[in-house]
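As a plain string of letters, each chain reads:
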Amino acid sequence: MIYKTLQVEVVGRVVLIRLNRPEALNALNAAMAEELARVVARFEPDEGVGCFVLTGSDKAFAAGADIKEMAPRTFIENLSEDYMASWDSAARLRKPVIAAVAGFALGGGCELAMQCDFIIAADNAKFGQPEIKLGVIPGLGATQRLTRAVGKAKAMELILSGRMMGAEEAERAGLVARVVPLAKLVEEAMKTAQAIAGMPTAALMSAKETVGRAFETPLAEGLRFERRVFQALFGTPDQREGMSAFMEKRTARFHESKAAE
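So, how was this worked out
- Residues numbered from 1 in each chain as written.
- Predicted model: local features only at pLDDT ≥ 70, side-chain atom pairs only at ≥ 80, totals over all residues.
- Heavy atoms only, no water.
- Helix = DSSP H or I, 4+ residues; strand = E, 2+ residues; numbered from the N terminus.
- Expected span 1.5 Å × (residues − 1).
- Buried < 20%, exposed > 50% of the residue type's maximum accessible area, 1.4 Å probe, protein only.
- Patch = residues over 30% accessible without salt bridge, like charges linked within 9 Å, V, L, I, M, F, W, Y side chains within 5 Å.
- Areas by Shrake-Rupley, 256 points an atom, 1.4 Å probe, with all protein chains shown as cover.
- Salt bridge = Lys/Arg side-chain N within 4 Å of Asp/Glu carboxyl O.
- Axes fitted to C-alpha atoms, helices over the stretch in contact; angles between N-to-C directions.
- Parallel < 35°, antiparallel > 145°, perpendicular 65-115°, else oblique.
- Left-handed = near helix turned anticlockwise from the far one by under 90°.
- Contact = heavy atoms within 4.5 Å.
- Pairing = 2+ DSSP bridges.

Further remarks concern helix 9 (residues 185-197). Along an α-helix, a turn takes 3.6 residues, which lines up residues three or four apart on a common side. Here helix 9 is 13 residues long and its end C-alpha atoms lie 18 Å apart, about the 18 Å a rise of 1.5 Å per residue gives. All of the buried residues in helix 9 are L185, E188, A189, M190, T192, A193, I196 and A197.

Given below as structure tokens:
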């Protein structure tokens, strides 16, 4: 399938998605949001896919939303169309997704990275929410996701001032899982993704959903949910294969055992 704003490649059990609007520093527009949703719909049901990696260029993951496309919109248009409500396909992925961020991840670009399960950043990455300088606030989740990632004080400072922070500060603040040299960013992200994709799919999806509950439910309810999911995974062939392999001191063959059932 040919995409105008994305480059998509399947490597083993990983789908590598590269934002591809170099003339606009990968600024997010409606076409990109629609194409990203199509990629998710196409590959997520594929049993041969275990993980996704979302990246951009060395200069920019995504420098924000496309202001030229956005500026003419009116309040009535935004309200009636529920503008940007459909731009969350990365967040709706049930399988793991990693953001590999180099260069600018600003505004909607930072928000898109935060829709992923975690961020691996190049040492030249810059994160920020500069919407306040345009007379608006973030609209793709930063007031909620950034606050959960870095805490109220840091999120308030970034959103109210519009300043950028570098990769090291982002890692210290908890926004970024790991910082790597720019030249090794995609290699490291793909290596991590391939390792994740080799794990049992049901356990991966369950773990992702259960960690997500930690941000949405009280502790006692989250613990009950975790326990029920843990118990349920004992009904899967991958659980039997994983524990048998451990006791037999061999490497587990998760996807082979699943196919054999």
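The rest of the description comes next.
Inspection of the secondary structure puts R253 in the loop between helix 12 (237-247) and helix 13 (254-260). A residue is classified by how much of its surface remains accessible, and R253, at 41% relative accessible area, is partly exposed. Separated by 154 residues in the primary sequence, R253 and A99 have C-alpha atoms spaced 27 Å apart.

This paragraph deals with a nonpolar patch on the surface. Taken together, F230, F234, M243, F246 and M247 make up a surface patch of nonpolar side chains, about 620 Å² in accessible area. Counting residues per element, the nonpolar patch draws most heavily on helix 12, at three residues. A residue is classified by how much of its surface remains accessible, and M247, at 65% relative accessible area, is exposed.

A word on the packing of helix 6 (residues 142-150) against helix 7 (residues 152-161). Relative orientation of the contacting elements helix 6 and helix 7 amounts to 135 degrees, with a least axis distance of 7 Å. Taken together, the axes of helix 6 and helix 7 lie oblique to each other. The interaxial crossing formed by helix 6 with helix 7 has right-handed handedness. Mapping the contact onto sequence places A142, T143, L146, T147 and V150 in helix 6 and K152, K154, A155, L158 and I159 in helix 7.

Okay, unusual backbone geometry next. A positive phi is found at N26, a non-glycine position, where the angle reads about 60 degrees. When you line up the elements, N26 lands in the loop between strand 2 (14-19) and helix 1 (30-43). Residue class for N26 comes out buried when judged on its relative accessible area of 2%. Residues other than glycine seldom take positive phi values, yet D82 does so here, at roughly 50 degrees. Position of D82 among the secondary structure elements: in the loop between helix 3 (75-81) and helix 4 (89-92).

Let us now look at the sheet that holds strand 8 (residues 126-128). With mixed pairing, the four strands of this open sheet are ordered in space as 4-6-8-9. Since the sheet does not close on itself, it has two edges, and those belong to strand 4 (60-62) and strand 9 (164-166), each with one partner. Between one strand axis and the next, the sheet turns by 20 degrees as a mean value, whatever way the strands run. Judged from the three bridges that link them, strand 8 and strand 9 form a sheet pairing that is antiparallel. Bridging across to strand 9, F127 finds its partner in M165.

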